[in-house]
Amino acid sequence: MTPETPTTAYATATAPSSPRDALTAVRAEVAKSVVGQDSAVAGILIALLCRGHILLEGVPGVAKTLLVRSVAAALQVETKRVQFTPDLMPGDVTGSLIYDNATSEFTFRPGPVFTNLLLADEINRTPPKTQASLLEAMEERQVSVDGVPRPLPEPFLVAATQNPVEYEGTYPLPEAQLDRFLLKVTLPLPPRDDEITVLARHAAGFNPRDLAGAGLRPVASGADALAGAEAVHRVAVAPQVLAYIVDIARATRVSPSLSLGVSPRGATALLSTSRAWAWLSGRDFVTPDDVKALAQSTLAHRLTLRPEAELEGVSVSAVLDAAINSVPVPR
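Quick summary incoming for the structure in this document.

Analysis parameters
- Residue positions are given per chain, counting from 1 as you read along its sequence in written order.
- Given that the model is predicted, a residue must reach a pLDDT of at least 70 before its local features are reported, and side-chain atom pairs must reach 80 or more before they are shown or counted; all residues, however, enter totals for whole chains, interfaces and linings.
- Working from all heavy atoms in the structure, the side-chain values ignore hydrogens and water.
- Only Phe, Tyr and Trp rings are paired, with Trp represented by its six-membered ring, and only when their centres lie within 6.5 Å; those with planes under 30 degrees apart are stacked, over 60 edge-to-face, the remainder tilted.
- Charge-over-ring placement is defined geometrically: NZ (Lys) or CZ (Arg) within 6 Å of the ring centre, and within 35 degrees of the ring normal.
- For helices, the fitted line uses only the C-alpha atoms of the stretch in contact; every axis is such a line through C-alpha atoms, and the angle between N-to-C directions lies from 0 to 180 degrees.
- Put simply, DSSP H or I for four residues or longer makes a helix, DSSP E for two residues or longer makes a strand, and each gets a number counted from the N terminus.
- Angle categories are assigned with fixed cut-offs, so that under 35 degrees is roughly parallel, over 145 is roughly antiparallel, 65 to 115 is roughly perpendicular, and the rest are oblique.
- Whether two residues are in contact is decided by their heavy atoms, any of which lying within 4.5 Å being enough.
- Amino acids outside the nonpolar list (Ala, Val, Leu, Ile, Met, Phe, Trp, Tyr, Cys, Pro) and the charged list (Asp, Glu, Lys, Arg) are all regarded as polar, and Gly is one of them.
- Two strands are counted as paired when DSSP detects at least two bridges linking them.
- Relative accessibility under 20% of the residue-type maximum defines a buried residue, over 50% an exposed one, and the middle range a partly exposed one, all with a 1.4 Å probe and only protein chains included.

## Looking at the packing of aromatic side chains
- Evaluated as defined, the whole model comprises two aromatic pairs.
- Summarising the aromatic geometry, the rings of Tyr-99 and Phe-106 are spaced 5.3 Å apart at their centres and angled 65 degrees between planes, so their arrangement reads as edge-to-face.
- With 5.7 Å between their ring centres and 65 degrees between their planes, Phe-108 and Phe-114 make a pair best called edge-to-face.
- A cation sits over an aromatic face here: Arg-150 above Phe-108, 4.1 Å from the ring centre.
- Its guanidinium or amino end placed over the ring of Phe-285, Arg-283 lies 5.7 Å from that ring's centre, counting from NZ or CZ.

Here is the structure:
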């Protein structure tokens, strides 16, 4: 299976005055092509600022692929797309050694993972062996082939998509791999007014394969993302807020509905996403509201329900809400 690489060229635009302004402008720019998915755009930006990765879940037709392509265009970073299928091999993602007849030596041919933004489309349609080929890239930001580590470009983000309603021929992501995703965001079906707007755009000639024709232009760059990531590290977190995050994580571990609660890595992830959201909101400190705002998308996919809770129809989201509500909010 040959990975698909978008080749559309985009005109260069003048960048705003600061990394925060530039990245905030991305949200407005993406809205030119994608209607009503602002929270998913914010999730991609937060993952980028935290040097993490994002899993986008939604039924077919809610613009998951278009969303990622639009963010890449607005950020003016290199992006590649891999359609994950049952016959996809690890080397199709990471690259492989190719024998060169001219030199009688093996040379490394980089795979599509060597990019800034990798769209892993329908990641749960490929076997675990190929899914696992992304683990080193996501965690270590490098690929090792024949014992030689090869660093990936910066910034680097994996945006994976999966369909939650069709399970035939799929391979559910194991907990260890789900935990590698900083965020999991669900793209809902649009409300009536947004759906009318989508149809009106298509009736007026909108072509999702021609983002430049839709007026979408670069408003930020990879350098803005890297500068923003450095700024996020300087966002202050009060001891009370740190304790609040830890108490939420510990509350999930004692929930009778869960067989697996939030690990210390999950608590660290919530700290990171809360700082990034505070920075994007124009603040240099984290509030408990920031923690609450990011808790579901940062923690829910790291939780596992007990079988009896599943039989009773209990949702992970409801259990996590109960855990959050059981923890006193610091003043």
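## Points about the packing of helix α1 (residues 19-30) against helix α11 (residues 264-280)
- Running from N to C, α1 and α11 cross one another at 95 degrees; their axes reach a closest spacing of 10 Å. Compared by their axis directions, α1 and α11 come out roughly perpendicular. Between α1 and α11, the contacting residues are Pro-19, Arg-20, Leu-23, Thr-24 and Arg-27 on the first element and Trp-277, Trp-279 and Leu-280 on the second.
- Across the contact of α1 with α11, the residue classes tally to five nonpolar, one polar and two charged.

## A look at the sheet that holds strand β5 (residues 117-121)
- Taken in spatial order, the five strands of this open sheet run β2-β5-β8-β1-β9, and their pairing is parallel. Strand pairing shows two members of the sheet lacking a second neighbour, β2 (79-83) and β9 (183-186), which therefore form its edges. Geometrically, the sheet is characterised by an average inter-axis angle of 20 degrees between neighbouring strands, direction not taken into account.
- Taken together, the five bridges between β2 and β5 define a ladder with parallel strand orientation. By the bridge assignment, Arg-81 is partnered in β5 with Leu-119.
- Strand contacts of helix α2 (residues 38-49): β1 (54-57), β8 (157-162) and β9, with the helix running at about 165 degrees to β1, the strand carrying the most contacts.

## Quick word on the side chain of Ser-274
- Looking at the secondary structure, you find Ser-274 in helix α11.
- What Ser-274 contacts, discounting residues up to four positions off in sequence, is Val-286, Asp-290, Val-291 and Leu-294.

## A word on unusual backbone geometry
- Cis geometry marks the peptide bond from Glu-154 to Pro-155; its omega dihedral reads -5 degrees.
- When you line up the elements, Pro-155 lands in the loop between β7 (148-151) and β8.
- A positive phi angle, close to 55 degrees, is found at Arg-51, a residue other than glycine.
- If you trace the backbone, Arg-51 turns up in the loop between α2 and β1.
- Relative accessible area serves as the criterion here: at 40%, Arg-51 is assigned to the partly exposed category.
- Even without glycine at this site, Asp-146 takes up a positive phi of about 60 degrees.
- When you line up the elements, Asp-146 lands in the loop between β6 (142-145) and β7.
- For Asp-146, a relative accessible area of 66% puts it in the exposed group.

Purely geometric numbers; function is a separate question.
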